[in-house]
Amino acid sequence: MSPATTFGSRPDALKIRAPWAVQPPLPTQGVVRVRPMPFEAPVSYIQRLADIYRLGPAQLLDGLGIDHSGTAGTAPATELHLNAPALQHVAAWAGIGPAHLDHALGHGEKAPSHHWPQHTGHAPKAQWRPTDPALRAVHACTCCIRSHSHGTTATAWAYLPEHQRLCPRHLQASSDHRLAGPLNIHGLPELTRAHQQHQRLRRRQDAPNAYTWATSITTRWYDHQRHLAPRWTRRLEQLAAANEGLLQGNKNASEMLLTRSLITYPETITLARALARVPARGLPHTQHARFLQHLAHALGLPRLAPPPSDLLSIRLTPR
């Protein structure tokens, strides 16, 4: 009888399957149960899983019976895309439910899909692909990953959403994929307060649009040294002093660029909270002065008078 023949509970329930439709057997569970970090990059998880058994990622995939193509690489420059059978094989070996593993891996706001939709067969397959620099994962909190992995590693890459890039418990924050690790933010309590405010802001329906506008506005102010430059300069100096090895030794970009999103974070959240109350069509001109006065007070400025070309003025202008 063909190995593709299966039997039901009754003799007359004989069913014939084509050989290509047979699901390859899943591997047995490994010695160690490895949980994924929330939003973890698939390539990061596979690397952690392989490291436990002192294997390379490609060797692990071979051992799990997963055919892989492309040039093997590491996070964040390379991502690993798995089809559904491959994900099931990894989950079985790691001792994790496939649905739980799929939910945990790489589902951040900017994460590229970790699935490989081009392949619809039953054979487990994976593909290595380079990742767009704008979409690359960042370091997760080293203390969290050390605890999560029971001390086996302190390194993991994740597609963390903007509101989860700061760990208030361990006072670490991720700002750029080019850094060798998360930044120490001890001595900057305003960042933790902004993180708390960000969680509350997300409850508003218009929060994503307000946050996008606020980020664009503060980024423009930061790049052109406007309004809050002295405050941001002091904050940069504090971060640089607390992270000398990560910032001053980095050759990929300047300290100002690597820390921009973190330095402007408190003011970005303050601005986003104010803009969340502005109608999508803008404000009547008669209300501009009052809004700017309120915003200046919230930002700790004596006054705020952006020119017409400023993104804040453009957002407030009636449409």
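Residues numbered from 1 in each chain as written. Predicted model: local features only at pLDDT ≥ 70, side-chain atom pairs only at ≥ 80, totals over all residues. Heavy atoms only, no water.

**Q** So what's going on with the overall build of the protein chain? Which residues, and what values?
**A** If you tally the helices and strands in the protein chain, you get 14 helices and 10 strands. Taking all contacts inside the protein chain whose residues are at least 6 apart in sequence as the whole, residues at least 24 apart take part in 71%. As presented, the protein chain carries roughly 16700 Å² of accessible surface, and 54% of it is formed by carbon and sulfur atoms. (Helix = DSSP H or I, 4+ residues; strand = E, 2+ residues; numbered from the N terminus. Contact = heavy atoms within 4.5 Å. Areas by Shrake-Rupley, 256 points an atom, 1.4 Å probe, with all protein chains shown as cover.)

**Q** Quick rundown of the nonpolar core? Include the residues and the values.
**A** If you look at the biggest cluster of nonpolar residues, it comprises 45 residues, and the most contacted ones within it are Trp-221, Leu-275, Phe-291, Leu-295, Leu-304, Leu-312 and Leu-316. Of all the secondary structure elements, the ones that give two or more residues to this core are α6 (189–201), α7 (207–223), α8 (229–242), α11 (260–263), α12 (265–275), α13 (288–299) and α14 (311–316). Among the elements that take part in this core, α7 stands out by supplying seven residues, more than any other. Residues within four places of Leu-275 in sequence aside, it is in contact with Ala-210, Trp-213, Ala-214, Ile-217, Phe-291, Leu-312, Arg-315 and Leu-316. (Core = buried A, V, L, I, M, F, W, Y, C linked by side-chain atoms within 4.5 Å. Buried < 20%, exposed > 50% of the residue type's maximum accessible area, 1.4 Å probe, protein only.)

**Q** Go over the pattern of salt bridges with me, naming the residues and quoting the values.
**A** Counted under the stated rule, the structure contains nine salt bridges. Linking Asp-176 and Arg-178 is a salt bridge whose minimum nitrogen-to-oxygen distance equals 2.9 Å. For Asp-176, a relative accessible area of 14% translates into the label buried. Overall, the relative accessible area of 28% leaves Arg-178 in the partly exposed class. Across the pair Arg-235 and Glu-267 runs a salt bridge whose closest N-O atoms are separated by 2.9 Å. Of the two residues, Arg-235 sits in helix α8 while Glu-267 sits in helix α12, which places them 32 residues apart along the sequence. The same class applies to Arg-235 and to Glu-267, which are both buried. Connected through salt bridges with shared partners, the residues Glu-190, Arg-231, Arg-235 and Glu-267 form a single ionic network. (Salt bridge = Lys/Arg side-chain N within 4 Å of Asp/Glu carboxyl O.)

**Q** I'd love a proper account of the side chain of Thr-268, names of residues and values included.
**A** Structurally, the position occupied by Thr-268 is in helix α12. Look past the residues within four positions of Thr-268 in its chain and what remains in contact with it is Tyr-211, Ala-214, Thr-215 and Thr-218.

**Q** Please provide a residue-by-residue account of the layout of surface pockets, values included.
**A** Taken as a whole, the second largest pocket holds about 280 Å³ of empty space. For the second largest pocket, the lining is made up of 19 residues, of which Cys-141, Cys-144, Leu-160, Gln-164 and Cys-167 are closest to its centre. Those elements that place two or more of their residues in the lining of the second largest pocket are α5 (142–148), β8 (166–167) and β9 (172–173). Taken together, the residues that form the lining of the second largest pocket break down as 12 nonpolar, six polar and one charged. (1 Å grid on protein atoms, 1.4 Å probe; cavity = no way out; pocket = protein on both sides within 12 Å on 5 of 7 lines; lining within 4 Å. Points joined across faces, edges and corners; volume = space filled by probe spheres on them. Nonpolar A, V, L, I, M, F, W, Y, C, P; charged D, E, K, R; others polar.)

**Q** Explain the side chain of Arg-235 to me, and be specific about the residues and the numbers.
**A** A relative accessible area of 4% places Arg-235 in the buried class. At 2.9 Å, the side chain of Arg-235 and the side chain of Glu-267 are in polar contact. Setting aside anything within four residues of it in sequence, one finds Arg-235 in contact with Leu-188, Glu-190, Ile-263, Pro-266 and Glu-267. (Polar contact = N/O pair within 3.5 Å; in protein donor to acceptor, adjacent residues only side chain to side chain.)

**Q** Mind laying out α8, listing which residues take part and the relevant values?
**A** Relative to the 20 Å expected for 14 residues at 1.5 Å per residue, α8 spans 20 Å between its end C-alpha atoms, a close match to the ideal helical length. Listing the buried residues of α8 in full gives Ala-229, Trp-232, Arg-235, Leu-236, Leu-239 and Ala-240. Buried residues along α8 cover an arc of 135° about the axis, so they all sit on one side. Across α8 from its buried face, at more than 90 degrees, point the exposed residues Pro-230, Arg-234, Glu-237 and Ala-241. (Expected span 1.5 Å × (residues − 1). Arc of directions from axis to C-beta.)

**Q** How would you explain the sheet that holds β9 if you had to name every residue and give the values?
**A** Taken in spatial order, the three strands make up an open sheet running β8-β9-β10, and their pairing is antiparallel. At either margin of the open sheet sits one strand with a lone partner, and together these are β8 and β10 (183–184). Bridging between β9 and β10 involves two bridges; their strand directions are antiparallel. Looking across to β10, one finds that Ala-173 is bridged to Leu-183. (Pairing = 2+ DSSP bridges.)

**Q** Requested: an account of the pairing of strand β4 (residues 78–82), with residues and values cited.
**A** Within β4, five of the five residues are buried, which leaves the element mostly enclosed by the surrounding structure. Here β4 shows a buried face lined by Thr-78, Leu-80 and Leu-82 and a second buried face lined by Glu-79 and His-81. As paired elements, β4 and strand β5 (residues 125–130) share five bridges and run antiparallel to each other. Each bridged residue has a counterpart across the sheet, and for Thr-78 the counterpart in β5 is Pro-130.

**Q** For helix α1 (residues 42–52), give the residues involved together with the corresponding values.
**A** Note on helix geometry: an α-helix contains 3.6 residues per turn, so any two residues three or four positions apart are oriented the same way. With eight of 11 residues buried, α1 is to be regarded as a mostly interior element. Burial in α1 covers these residues: Pro-42, Val-43, Ser-44, Tyr-45, Ile-46, Arg-48, Leu-49 and Ala-50. Of the residues trailing α1, Arg-54 is marked for its positive phi of about 55°.

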